[in-house]
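As a plain string of letters, each chain reads:
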Amino acid sequence: MTDAPHTGTIPSRDIGDARRPGSTTCPYCGVGCGVRVTLDGDTISAVAGEERHPANQGRLCVKGSALHETLGQSGRLLEPRVDGHTVGWGTALDQVASRLRAIQNAHGPASVAGYLSGQLLTEDYYVANKLFKGFLGPPHLDTNSRLCMASAVAAYKRSFGADAVPCCYEDLEQAELVVLAGSNLAWNHPVLYQRLKAAKARNPLMRVVVIDPRVTDSCDIADLYLGIAPGSDARLFNGLLAFMQRTHRVDHTYLARHTEGFEETLDAVFEDDTTLEAIAAECDLDTERLETFYYWFATHLHVVTLYSQGINQSSSGTDKCQAIINCHLAGGKLGLPGAGPFSITGQPNAMGGREVGGLANQLAAHMDYHTPGAIERVSAFWQSDALPTAPGYKAIELFDAIERGEILAVWIMATNPVVSLPDAARIKRLLAECPLVIVSECMANAEILDVADIVLPATGWSEKDGTVTNSERCISRQRGLLPAPGEARHDWQIMTDVACRLGFAEAFDYAHPAEIFDEHARLSGLDNDRAHGDWRVFDISGLGGLDREAYDALAPIRWPVNAAHPEGTDRLFADGRFPTASGRARLLPVRPQAPQQALSASRPLRLNTGRVRDQWHTMTRTARSARLMNHRAEPFVELHPEDAAVAGIQEGRLVALTGAGGQYLGRARLKRGQRRGEAFVPMHWNNAFSGRARANVLIAPIVDAISGQPESKHGAVGVQPLPHGWEATLIVAGALAESITPTEGCAYWSRIPMEHALRWQLAGQPETRARDWMAWIKRTLPGPISQWSTDDARGRLRASGLIEGRLQWWLMVGPPAELPSLNWLDACFSPTDDVPLDAATRRRILAGAASGAVDEGPVVCSCHQVGQYAIQAAIRDGHRSVEALGAKLACGTQCGSCQPELKALLEEVCDHVEL
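What counts and how
- Numbers given to residues run from 1 along each chain, matching the order in which its sequence is written.
- Thresholds applied to this predicted model are a pLDDT of at least 70 for local features of residues and 80 or more for the giving and counting of side-chain atom pairs; totals over whole chains, interfaces and linings are not thresholded and use all residues.
- Excluded from the side-chain calculation are hydrogens and water; included are all heavy atoms of the structure.
- Only DSSP runs of H or I covering at least 4 residues are called helices, and only runs of E covering at least 2 are called strands; the numbering of each starts at the N terminus.
- In this treatment the radius of gyration is a C-alpha quantity, and the globule benchmark scales as 2.2 Å times the residue count to the 0.38 power.
- The rule is simple: take the accessible area with a 1.4 Å probe, protein chains only, and divide by the maximum for that residue type; under 20% is buried, over 50% is exposed, in between is partly exposed.
- We call two residues in contact when some of their heavy atoms are within 4.5 Å.
- Helix axes are fitted to C-alpha atoms over the stretch in contact, other axes to C-alpha atoms as well, and angles between N-to-C directions run from 0 to 180 degrees.
- An angle below 35 degrees is read as roughly parallel, one above 145 as roughly antiparallel, one from 65 to 115 as roughly perpendicular, and any other as oblique.
- Working rule for handedness: look at the near helix, and if it is turned counterclockwise from the far one by less than a right angle, call the crossing left-handed; if clockwise, right-handed.
- Only Asp, Glu, Lys and Arg are considered charged, only Ala, Val, Leu, Ile, Met, Phe, Trp, Tyr, Cys and Pro nonpolar, and every remaining residue, Gly among them, polar.
- Here, nonpolar core refers to any group of buried Ala, Val, Leu, Ile, Met, Phe, Trp, Tyr and Cys residues whose side-chain atoms link them within 4.5 Å.
- Two strands are said to pair when DSSP picks up at least two bridges between them.

## A look at the overall build of the chain
Alright, step 1. When you go through the chain residue by residue, the secondary structure sums to 29 helices and 36 strands.
Alright, step 2. Over its C-alpha atoms the chain spans a radius of gyration of 28 Å, differing by no more than 12% from the 29 Å that the globule rule assigns to 915 residues.
Alright, step 3. In terms of overall dimensions, the chain has C-alpha extents of about 85 × 75 × 55 Å along its principal axes.
Alright, step 4. A total of 915 residues make up the chain; the buried ones form 63% of that total.
Alright, step 5. Intrachain contacts of the chain at a sequence separation of at least 6 include 72% that bridge at least 24 residues.

In structure tokens:
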């Protein structure tokens, strides 16, 4: 075929020159915040929280408030590539279709697979599921939601008969008791945390319990903290069920009317010693604190247990979720305002992907392969006889099949498995050997591109047009407000074009996402009759038939949305009816299991992985905002001070963790809130930003047998100081960022975007201790050395290079602890200032600050770029509350995410000053 334009392309909106706001949805976490944007031509100049959106009611976290800072064509994929060569769309699509067909003709339908992402819109997801399962025929289509939500999904389906979150966000505000289990809500879902914090301030009787091995910022509002031993969650909640039974706090009326399986479940609980002392010992908790939690849960009706990856990411994650659900069912704490087991989603459209069948064990529209009549129903609706008859491989199994040569082609969309999957180095290696890897991606620095045979440039946030579903089942519009950059196309359009080339044009005759959404909505209501007992909770048939104008104007709404619930549904199961064969919810026996990744003499530390406040996934977008890099600029390893002392590690020292599949390098952060014998690392860093900082190389590919979710919270690692000969900081002008790679001879490096420049933190191999820096500068950096100073006795050097009075690079050899204030130095690289630096500024370059400038220290408040030293100084000057610090410095006054850190600094400083 020729490279003719796609005939179904949506024309870009006539934005014009006038400033006008637009409404869309944030592309980060599962809170699903509404975003109000201000457009200047083809640029988004500002963002704010959408006050009318039920999820955030005008709030935004720091990541959401920086969305406009992550846009622009720089760093985007702009053209298709085949085998490393830039081609036109016609050639790229022809190659995708012909290579997929050739592999299937030679090896059968199941020789190809797809791996999707919760970053896709529902319409993209729907087309992918239909193309693979409905027409290409393989069952092997899974999604990165397998890594975060699969255990919660499996437990909901076992208990309720459906992947149906029963709660809504208002329940957090109406509860008497909120239990945060395995969820650092303050960092991972900041807007919900702020809503909960505000509700607690309004209702002094509300209690919050935090259950987490680490003392996190979420503990700031906790009335009770349980620093549980990793992996003991099922034992904790089984003990709670036993306590409810012993103290006569079980709701036998609810159990008799609406549930089944209680007696068998209770029998399994009492197979173990359920005394408070035994459970406290196994969970490593204080007995009195444990009893307090049990008493609070048992004696309150309006209880919400909010749980996330700390529960899910386990080899027994489904059972842990089940243990929580069992307690809620036993107490009748479900279907009421302010009550229910609430799994909080990690990605913006993880739920939307599950709605359309994006998991390998799903078919479509919440129908599974074993759902009576589902295969026939979907086949008839899609008018296809190619549907598989059994589930496909889940994520880890899928990549295992690639390694075996069973799957020979994989199409990966909007996700980066060479960073996010366990044993990540192995994943990259096996993909490099796979005969055909197709990647749809929007960012040019995604590490998955290293192993791609065909690269397809996709649209991203602000360009994509469709819907997403958040953690409370709320469907929202993510609107296309800007034209696509370069040759980028929407994912659904790319797949539609491939489908046409494969001979499926009639089934994929879409010209607009509204048409896809309509088909999805109609399928959800097909043969879904609650009156006859065979029904599905997910039903958005009431949204079918929307024309483009009505679709574009669609307001946020929680499903189900149908004839019975035309305005949507806040919470589920209020009538005690469930979509199971008996119409009852099920309690199931849970027998606690220990983590499967074994500790040893060489790997004695239990590893926990997770997010940091200001970054998202693999940082390809958030790292484009310089202020989001300031809070945690480098990869790190969090250790208890006593563990660090045993290993000979000091604060800020470079360390190496060794795990199942390799090493992770980062800086030590010593925290007493970190349990002894354990370590924490962030999941975000990868080879685009640091050498050997992929957290998932440390995790073995061990999964929950029911859900297939990896055990990402329970690695086994050893730690030691990283030997190195020197440390250096290099800052280069933004225009030089792509042309300078200073990592030769480095044991460690980290690449840190700044507003006007690019910063490198470097550490040399031990044998490079006596490096000739002047020779290295001449070999590596442009132009002459304009000024320098040395301290040979201490091995220190500072130097800079200016061309025509403009700063090109700045180098400091010495530990990062000696760095000056970097904000002033970054401003000296500003490309918008055409005036050469004056003599006074040039003299101050080596010092890294203007005369009299004050170093504010590490950034605490990312919204207003307020540093730790400035905050500590203000506290010493008498500003001794969060409110007073906000009035003085503005910190904590915007998104509020830094308020727990402000409180920690207040306590630290006030402990050392006379009040």
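## Some thoughts on the packing of helix α8 (residues 233–246) against helix α12 (residues 287–299)
Alright, step 1. Running from N to C, α8 and α12 point in directions that differ by 60 degrees, and their axes come no closer than 10 Å. Comparing their axes, α12 and α8 come out oblique. The element α8 and its partner α12 pack so that their crossing is right-handed. Two secondary-structure elements touch here, α8 through Arg235, Leu236, Phe237, Gly239, Leu240, Phe243 and Met244 and α12 through Leu290, Glu291, Phe293, Tyr294, Tyr295, Phe297 and Ala298.
Alright, step 2. Of the residues in the contact of α8 with α12, the class split is eleven nonpolar, one polar and two charged.

## Examining the nonpolar core
One broad trend across soluble globular proteins is that nonpolar side chains are buried collectively.
Alright, step 1. Core analysis: the largest hydrophobic core is formed by 121 residues, its most contacted members being Leu236, Phe237 and Phe293.
Alright, step 2. If you tally residues by element for this core, the top one is α8, at eight residues.
Alright, step 3. For Leu236, the contacting residues outside a window of four places in its chain are Ile211, Ile228, Ile279, Cys283, Leu285, Leu290, Phe293 and Tyr294.
Alright, step 4. Counting 51 residues, the second-largest nonpolar core is a separate cluster that includes Val112, Leu387, Leu436 and Val498.

## Section: the pairing of strand β19 (residues 466–469)
Alright, step 1. Side chains Gly466 and Val468 project from β19 onto one buried face, and the interleaved Thr467 and Thr469 project onto a second face that is buried too.
Alright, step 2. Sheet topology note: the β19/strand β20 (residues 474–478) ladder contains four bridges and is antiparallel. The residue of β20 that forms the bridge with Thr469 is Ile475.

## Section: the environment of Ala175
Alright, step 1. If you trace the backbone, Ala175 turns up in the loop between α5 (170–174) and β8 (177–181).
Alright, step 2. With relative accessibility at 1%, the residue Ala175 sits in the buried group.
Alright, step 3. Those residues in contact with Ala175, other than ones at most four positions away along the chain, are Asn203, Met206, His302, Val304 and Gly338.

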